[in-house]
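Okay, here's what each chain looks like letter by letter:
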Amino acid sequence: MIDYRARFRINLAIALCGLAVFAIVPFVANSGLVFLAGLVAINIVFGLCWNFLFSGAGLLSFGHAMFFAAGAYGMAVVSLRMPELPFFLGLAFGSACGALIAMIFGYIALRRASGVYFAVLTLAFSELIHIYITKTTFLGRNDGLVGIPRPTIDLGPWVLDLTSATSYYYFIIVAMTIAAFALWCFQNSPAGRLIQAIRQDPLRTAFLGAGIRGWQLTAFVVSGTIAAFCGAVMVPFTQIASPEIAVWTVSTQPILFTLLGGAGHFWGPAVGAILFGAIAYGTRAMQGLSDITVSVLLLTVVLLIPGGLLGLWQRRRRKAGGRQPGQAGDDARPGTAAGKVEARQ
Amino acid sequence: MAYKMNRRGIVKGIAASTLAVPFINLRAATAQSGPIPIGVVTPLSGPVQLIGNFVRHGAEIGAAHVNDNGGINGRPIELVFRDSKANPNDASVAARELVGSGTNLQLGTISSAVALAMGPLLESEGGVVITTGAGTEKINHENYNPHVFRVGDSPVSRNAGLVRHIVESRPDLRKWGGIIPDHEYGRTTWKIFEATMRKAVPEMTGEEAEIAEPILVPYGSGDYRNYIAQAMRMDVQGIYTSVYGGDAVTLYQQAKPFGLFDKIDVLLDSANEFLVATAMGDQTPAHWSGFHWYYEANKGNPLSDDLYAKYVEATGDTYPMGWAAEAHAAVLAYAGAIEKAGSTETDDVIAGLKGLRFDSATGERHIRAEDNQAVKNAELAYIEPSSTAPAGFEVTDYVSLDGEKVVEPARPGQMLDTSNL
Amino acid sequence: MYDVGMTVFNGLAWAMATFLVAAGLTLIFGILHILNFAHGGFFMIGAYVSYTVMIALGGALPLWLYLIGAMVAGVVVGLLGWAVDMLVFRRLRDVDDAYSLIATYALLLLCGGVVQLIWGLNYLGVMPPPVLNSVIFLGDMFMPTYTIFIILCGVLVYVGLELFIAKSQTGRLIRVVAADPWMAQLLGLNVKRIYLFTVILSFALAGLAGGLLMPNQSLSPELGGIFLLQAFGVIILGGMGSIRGAFLAAIVLGLIESFGVYFFPQYPGIFFLLALAIILLIKPEGIMGREQTA
């Protein structure tokens, strides 16, 4: 029997601790690092929603850049072309763009849901979206949309001024904490558990009366919407939406975060995203080595510690003295990719 | 336990405080003495590093030149390099981080999207950037921002110069076509080419130019044969192309057996400098190429000779390309502006750069105060295959055109108007 | 007539160049069920190796030396394939598909980095041997001999692979292992060795393709990615690792791309992706359906 209430409290605590740590950054770091931390916070949720699809629903997407870009461009279009609309409507519109794309392409791609086919189809769709953006004058073609303003939000008695990079940074980390925790709640809701059950044993779940395609599509849309939300939140921060965020290498980012951190853990991608941010910062003045660094690191992780950093940490802890009761109880959900890897070793 | 100090704890503490060093805001530390930091944010990894390397060497040689001559008001320049990964997000992180640690003067942008992202960013953070090869016309037109300068050619001066020279030297050519990348850059260059051609040909000859629809080719494709077949159908005497880098090499390689280049009289290449020729050697089709800086055209200019000699010494490569000179000029522009303003503060340096006249490897440049665009010579060279030259090609003709005659009028904040080129 | 002929001819050139790259890819995909991202990277290494051979022998080469250069590239990359199987693929056999996909993606990045370290960033280009550097006129159509040569190479590699898989002893073993590795193991086949052989063959094909297509392309560390998406599309549309499927899919996509550019020149480069999406919508299982490996 799993104590969901205890899990809920623990994960809420993890999310709030993360929020607290990110909240300290502007007090100790210069504005470049604050900016990087804001991008890392967005990347964390980008990674989490990808891993929800991967470890939760068993779908490998190689096209998450299209959702991210859809959200970013949706937000950019609203704030540049319709500045009278409220900020939150822009966020909602951006997320809705992602949801719509996920619905259409998910419907097509899931006709061939088996892993690698699905992956390549999402890659092709993502490339189509990229080409569409570079050819649409309304979306600024190759140069992108620049000069996106940061909002001032009117909350009745209070006015929330997010025009400075630092105040917008705080908005980002709060929004990302809420998104991350909402995703956790969904993954652990009855619907989320059903999606995981499909991943583990589609046949048996189908016997129980669940429509597999429908639930997989649901997972795809949820993941796409959150990825689009990440893109929409990012755009006022960077003040630019350029086609570079729709290139397929962006789709590999959440995959790298997840594998590095550990796919078998809900917070694995968060660890990976933070580590990646640190690597990007560490190699910022290096010449011509970043490709080799990243590839060697990835190969090492995939071949030697397929459970990712959290998997490694957990295995060591278990060796060191058994599981401590009641702590981080959901770390090793069986049936997730890492669990599968470990079980086979 | 928490109070017990042990060796490991101390080591951890030292490690933590070393790690914290970059986190501390250094803006207060930029004093009125000591070295002046200048940030170079340019691609240091990935395929575009090819261009980033020219920028790096050019900036280093420029800084060495200033420092050897006593620095700026006695203070040496110190370059701080950051990898932009040719991506607006990574470049933004780097630019903000540099401003945050007191390096408000920056250069090295080579991609248009990055250049456009820098304006609003540096305006809110307090910094300046000099782009060293970004090709978009928007930075001195509709997206003009006082914090972004361009010391190199505007796309207008480059392409209008190319057209005017060809029309003057070959007035017999009326029928033109184009092969351009399906990209913002391609469209801009074509727009300028077409407008200038339609104006220059009647001025010279009294007859109208016949210009065919341009052929759009995709980026990064391995196969251009269908586009070459389209080009073969065009009834033209000259072809203009702004296809770039590896794509241009692939295009030329595949076009050669079709005989495309034998069919036409002149091939105009907007910007490849020696990129195509060094790749293709004696198979290079004869063509005119626009240059940021061609050292032979500036022989006798001590800055140019110094840049060339030091570049060859540092790399062993005898074909430096123009980005090196743009980065070199950017450093010299900063030196001139800081000297003029007597300060390294952002607003003072902006004021110093506006209207600045300074010497560079391409002779004197003048930065227009209205739109932050430099007026400089437009240089072109005619590259031909050669059986005797060791590299397989040689430059048989070159010109350097007066910048004032080819640059567009300053119209900051407005779209480029091709009717008055 | 001229237009249709040229468009078909150019479409076939696209198709056979893509098939040359996709042939090795579909082999590994059909038998090891790994979608090898790094294939493009090793194709690129093949091109660079044969470039080096060509330069070492003094530039413009007669046809037979050019072919030897391509063979050398095939052998070198085949040996790299042996190393990759030992170090990487062997360890990926029991893990989720996603992990192998990502490991091969990392290998692709590594290939780009290594090429940059060894050969640098400059664009390099070579012309085909003099024999192949001419044009044949057919009516008012002009067909570069090098393009004809590439089309012939594609057909030859296809026929050779089909015969090898269908008729040879090793080919039969490969088919058995592809169909049911577990049963093959029980029957006493050395499945590991057959896997190793497949990987080496696939990599050698990538190297050979690199060597043959080198005069077609500018060489730069970006080359690894250029054919990759095209080749992926071809093997997905072809169906599960079917060589015949990949061959047909390459021709179909090549002709669509070619006619697309002819009729809608203002939208270059998107017909391949559109066609891929639409065909899969109509026929999700691909051209050769469920049939396994040739």
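Quick notes on the rules
- Residues numbered from 1 in each chain as written.
- Chains lettered and ligands numbered in written order.
- Predicted model: local features only at pLDDT ≥ 70, side-chain atom pairs only at ≥ 80, totals over all residues.
- Helix = DSSP H or I, 4+ residues; strand = E, 2+ residues; numbered from the N terminus.
- Rg over C-alpha atoms; globule rule 2.2 N^0.38 Å.
- Buried ≥ 20, exposed ≤ 12 C-beta atoms within 10 Å, placed from the backbone.
- Contact = placed C-beta atoms within 7 Å.
- Nonpolar A, V, L, I, M, F, W, Y, C, P; charged D, E, K, R; others polar.
- Pairing = 2+ DSSP bridges.
- Axes fitted to C-alpha atoms, helices over the stretch in contact; angles between N-to-C directions.
- Domains from an automatic or database assignment.
- Expected span 1.5 Å × (residues − 1).

Engineer: Which parts of the structure should I look at to understand the overall build of chain B?
Structural biologist: Counting its secondary structure elements, chain B contains 14 helices and 16 strands. For a compact globule of 421 residues, the expected C-alpha radius of gyration is about 22 Å, and chain B comes in at 23 Å, within 12% of that figure. Projected onto its principal axes, the C-alpha coordinates of chain B cover approximately 85 × 45 × 40 Å. Within chain B, buried positions represent 60% of all 421 residues.

Engineer: Sorry if this is basic, but what is going on with the interface of chain A and chain C here?
Structural biologist: A common way to report how large an interface is uses the accessible area buried once the components associate. Across the boundary between the two partners, chain A contributes 34 residues, which contact 31 residues of chain C. Elements with a contribution of two residues or more to the side of chain A that touches chain C: α5 (115–135), α10 (248–261), α12 (290–304) and α14 (337–344) of chain A. Here the side of chain A that touches chain C gets eleven residues from one element, more than from any other, and that element is α5 of chain A. Of the residues that constitute the side of chain A that touches chain C, the class distribution is 24 nonpolar, four polar and six charged.

Engineer: Just to check I follow, could you spell out the sheet that holds strand β1 (residues 36–42) of chain B for this structure?
Structural biologist: Each strand in a sheet pairs with its neighbour through backbone hydrogen bonds, running either in the same direction (parallel) or in the opposite one (antiparallel). All names here are of chain B. The strand order β2-β1-β3-β4-β5 describes an open sheet built from five strands, whose pairing is parallel. Either end of the sheet is taken by a strand with one partner, and the two such strands are β2 (77–83) and β5 (148–150). Direction aside, the axes of adjacent strands within the sheet are offset by 25° on average. In this structure, strand β3 (residues 105–107) lies alongside strand β4 (residues 128–131), joined through three bridges in parallel fashion. Note on β4: the bridge partner recorded for L105 is V128. Sheet strands in contact with helix α4 (residues 112–125) are β4 and β5, and its direction is about 165° off that of β4.

Engineer: Sorry if this is basic, but what is going on with the domain arrangement of chain B here?
Structural biologist: Residue and element names in this part refer to chain B. Taken domain by domain, chain B consists of domain 1 (34–153 + 299–375) and domain 2 (156–291 + 378–420). With 18 residues of domain 1 at the interface, the matching set in domain 2 holds 22 residues. Looking at the side of domain 1 that touches domain 2 residue by residue, the classes come out as four nonpolar, eight polar and six charged.

Engineer: What's the story with the pairing of strand β9 (residues 238–241) of chain B in this structure? I'm lost.
Structural biologist: The two faces of the sheet receive side chains in turn, since in a regular strand these alternate between them. In this sheet, β9 of chain B lies alongside strand β6 (residues 175–181) of chain B in parallel orientation, the contact comprising four bridges. Bridge pairing links G178 of chain B to Y240 of chain B in β9 of chain B.

Engineer: Just to check I follow, could you spell out helix α9 (residues 212–238) of chain A for this structure?
Structural biologist: The end-to-end C-alpha distance of α9 of chain A, which contains 27 residues, comes to 39 Å, matching closely the 39 Å that a straight helix rising 1.5 Å per residue would cover. Taken across its 27 residues, α9 of chain A has 24 buried, putting it largely inside the fold.

Engineer: Quick question: what am I supposed to make of the interface of chain B and chain A here?
Structural biologist: The interface of chain B with chain A comprises 34 residues on the first partner and 29 residues on the second. Counting only elements with at least two residues in the side of chain B that touches chain A, the list comes to β2, α3 (88–100) and α4 of chain B. No other element matches α3 of chain B, which puts ten residues into the side of chain B that touches chain A. The class makeup of the residues in the side of chain B that touches chain A is 13 nonpolar, 14 polar and seven charged.

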